Amino acid sequence: MSRLVVVSNRLADPRKPAAGGLAVALGETLHRTGGLWFGWSGKIVETADGGTPGEGAVNEHRAGEVKLVTVDLCREDHDGYYLGYSNRVLWPVFHYRLDLAVFSPESLATYQRVNRMFARKLMDQLKDDDVVWVHDYHLIPLAAELRAMGSRHRIGFFLHIPLPPQQILAAIPGHEWFIRSLFSYDLIGFQSETDVIHFERYVLAEAGAEALPGGRYRAFKHTVVARAFPIGIDVDEFIELGRGKESTDNYNMLVEEYAKRRLLIGIDRLDYSKGLPHRLRAFKELLQKYPENRDSATLIQIASPSREDVDAYIDIRHELESLCGEINGDYGELDWMPVRYIHRTMARKRLPGLCRAGRVALITPLRDGMNLVAKEFVVAQDPADPGVLVLSRFAGAAEQLRDALLVNPYDIQGTADIIQRALRMPLEERVMRHQRLLATIRTYDVHWWRKEFLAALDSVDVD
Ligand code: GDG
């Protein structure tokens with residue numbers, strides 16, 4: 001069996017459950033194949049302390065059978081590669097936000113330089129029959145750089161975020177490098193069928209690619225397979241977490257505190273793609289249009305801090321704070337605040353309890369690759385008395401979770417109406433929808449995702 005080599009921007013110790021879904025999912029195969037996990041160490045070296053552009057110290061650790069290899073970045077490389085190109089260009093553009101993109105030739109050059117450096121350091125580690133799985137938008141050119149250094153490995157790529165339509169991608173100055181990079185992979189995985197359609201239109205129109213049977217595309221003398229592999233969660237792990245003390249304590253506290261209220265929840269990284277201001281406006285509309293919810297409906301919104309050194313994230317934080325203040329000021333009573341906004345990360349062990357206490361979850365991103373919170377919410381519910389999932393039609397998860405109440409988050413009135421429907425949904429309908437959602441989430445869990453992707457990578461005809 002070939003050794004699995006995973007490459008992602010950040011690593012986690014796959015032995016620790018708190019490491020999160022991806023680590024748990026990949027940990028199993030990494031462990032079984034004596035695998036290697038490669039990425040940035042998270043360490044930034046200042047120039048004054050010897051940080052050199054295009055160079056970084058390599059660190060090696062072991063986590064059981066798994067070898068963890070990380071590379072430090074100098075300040076200049078970090079700023080251009082991570083803050084600059086990854087999070088000021090690729091993240092906004094891939095979430096359809098050309099208005100927020102800050103294009104600069106310097107950050108592109110740094111992004112490419114860091115990917116070249118990663119490829120060089122990774123090449124030193126690779127054995128001939130390794131299978132390489134690259135993750136996410138930080139590392140799109142990695143395969144092209146590896147190929148330029150003579151790599152003939154099977155290399156797969158999974159994009160965790162959406163792929164926008166051709167006309168949006170084509171707005172990235174010099175986007176041709178991007179298409180060429182994609183054709184250095186053997187397999188490209190997307191979250192949804194919509195993303196695959198966008199990929200097809202893009203490569204046919206912009207690269208003159210030829211579409212072949214079996215989801216294969218040929219251009220630049222290379223064939224790549226493109227398919228959707230919707231990512232799932234580790235269902236049993238989340239259920240187990242829900243049985244733990246932290247989660248049950250959290251659940252009991254919330255049930256007692258909100259015994260006479262209707263609890264709605266939102267759990268997100270504080271990111272402009274997650275549609276938080278739109279969600280709050282819809283909640284305000286709910287209170288306005290359906291007065292029965294006053295003195296009752298309470299939205300707990302966890303917005304965990306994220307990328308705070310990127311301007312757009314500071315702006316959205318201010319907008320949210322102001323909206324929460326406005327709603328609480330307009331509708332709050334001495335003994336009831338409609339919105340409880342928490343701008344902190346909640347311990348993972350407590351999350352299932354919060355999810356289970358929610359009668360309704362508002363998962364209303366303007367655009368999202370998948371959205372795992374939607375799946376976690378469903379799994380955390382009491383099957384005999386489950387809460388209702390209100391889900392944006394623009395989350396990748398909407399392609400799978402058809403039994404959620406789907407909304408257009410831009411439609412504030414329409415979303416408020418659907419939230420009202422969710423709050424009033426009879427038990428029988430809630431149970432039926434929940435059963436179907438849970439069955440889908442169980443079938444297409446994170447282990448299914450990993451196995452499907454790796455089996456597909458194993459079976460592609462390599463040129
Ligand atoms: C990217 C794509 C895609 C959230 N708040 C807290 C917390 N979380 C956890 C959730 C969930 C995870 O973080 C977030 O996952 P999402 O899928 O919702 O979103 P992104 O971080 O944007 O992830 C996304 C994903 O990659 C996987 O492919 O689905 O579309 O954007 O597990 O529970 N965890 C803790 N405290 C919090 O306050 N501990």
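Residues numbered from 1 in each chain as written. Predicted model: local features only at pLDDT ≥ 70, side-chain atom pairs only at ≥ 80, totals over all residues. Heavy atoms only, no water.

A. Representation of the sheet that holds strand 13 (residues 339-342) in the model. Reading across the sheet, the 6 strands line up as 13-12-11-14-15-16 and stay open at both edges, with parallel pairing between neighbours. Every other strand in the sheet has two partners, leaving strand 13 and strand 16 (405-407) as the edge strands with one partner each. Strand-to-strand twist in this sheet, taken as the mean axis angle between neighbours without regard to direction, amounts to 20°. Packing of helix 10 (residues 276-289) onto the sheet brings it into contact with strand 11 (262-269), strand 12 (297-304), strand 13 and strand 14 (360-363), and relative to strand 12 it is tilted by some 175°. (Pairing = 2+ DSSP bridges. Helix = DSSP H or I, 4+ residues; strand = E, 2+ residues; numbered from the N terminus. Axes fitted to C-alpha atoms, helices over the stretch in contact; angles between N-to-C directions. Contact = heavy atoms within 4.5 Å.)

B. Just the pairing of strand 3 (residues 58-63), in detail. Pairing geometry for strand 3 and strand 4 (residues 66-74), over 6 bridges, is antiparallel. Counted as the bridge partner of R62 is K67 from strand 4. The hairpin turn running from strand 3 into strand 4, its antiparallel successor, is 2 residues long, and G64 in that turn takes a positive phi close to 65°.

C. Fine view of the packing of helix 8 (residues 235-243) against helix 13 (residues 372-380). Between helix 8 and helix 13, the least distance of the axes is 10 Å, while the angle of their chain directions is 55°. Taken together, the axis directions place helix 8 and helix 13 in an arrangement best described as oblique. The way helix 8 lies across helix 13 gives a crossing that is right-handed. In contact with V235, F238 and I239 of helix 8, helix 13 contributes E376, V379 and A380. Residue composition of the contact of helix 8 with helix 13, grouped by class: 5 nonpolar, no polar and 1 charged. (Parallel < 35°, antiparallel > 145°, perpendicular 65-115°, else oblique. Left-handed = near helix turned anticlockwise from the far one by under 90°. Nonpolar A, V, L, I, M, F, W, Y, C, P; charged D, E, K, R; others polar.)

D. Main features of the packing of aromatic side chains. Here the structure, examined in full by the defined rule, presents 24 aromatic pairs. Centroid distance F38 to F118: 6.0 Å. Interplanar angle 90°. Geometry classified as edge-to-face. Residue F38 is located in strand 2 (residues 36-45), and its partner F118 is located in helix 3 (residues 105-123); the two are separated by 80 residues in the primary sequence. A relative accessible area of 1% means that F118 is categorised as buried. Taken together, the ring pairs in this structure connect F38, Y81, Y85, F94, Y111, F118, W177, F178 and Y202 into an aromatic cluster. Between R367 and the ring centre of Y96, over which it is positioned, the NZ or CZ distance is 3.7 Å. (Phe/Tyr/Trp six-rings, centres within 6.5 Å; stacked < 30°, edge-to-face > 60°. Buried < 20%, exposed > 50% of the residue type's maximum accessible area, 1.4 Å probe, protein only. Lys NZ or Arg CZ within 6 Å of the ring centre and 35° of its normal.)

E. Region of the structure containing the pairing of strand 12. Counting buried residues in strand 12 gives 8 out of 8 residues, a clear majority hidden from the surface. Of the two faces of strand 12, the one carrying A297, L299, Q301 and A303 and the one carrying T298, I300, I302 and S304 are both buried. The pairing of strand 11 with strand 12 spans 8 bridges and is classified as parallel. Opposite D268, over in strand 12, you have A303 as the bridge partner. Relative to strand 13, strand 12 is paired through 4 bridges, and the arrangement is parallel.

F. Quick look at the nonpolar core. Membership of the largest hydrophobic core comes to 96 residues, with the highest contact counts inside it found for F94, F118, I140, L142 and F199. Per element, the largest residue contribution to this core is 9 residues, and it comes from helix 2 (residues 75-94). Taken domain by domain, the makeup of this core includes at least three residues from each of domain 1 (4-232 + 446-459) and domain 2 (235-443). If near-sequence neighbours (up to four positions away) are discounted, F118 is found in contact with F38, W40, V71, L73, Y81, L139 and L142. If you look at the next biggest cluster of nonpolar residues, it comprises 60 residues, including W37, I300, A374 and A456. (Core = buried A, V, L, I, M, F, W, Y, C linked by side-chain atoms within 4.5 Å. Domains from an automatic or database assignment.)

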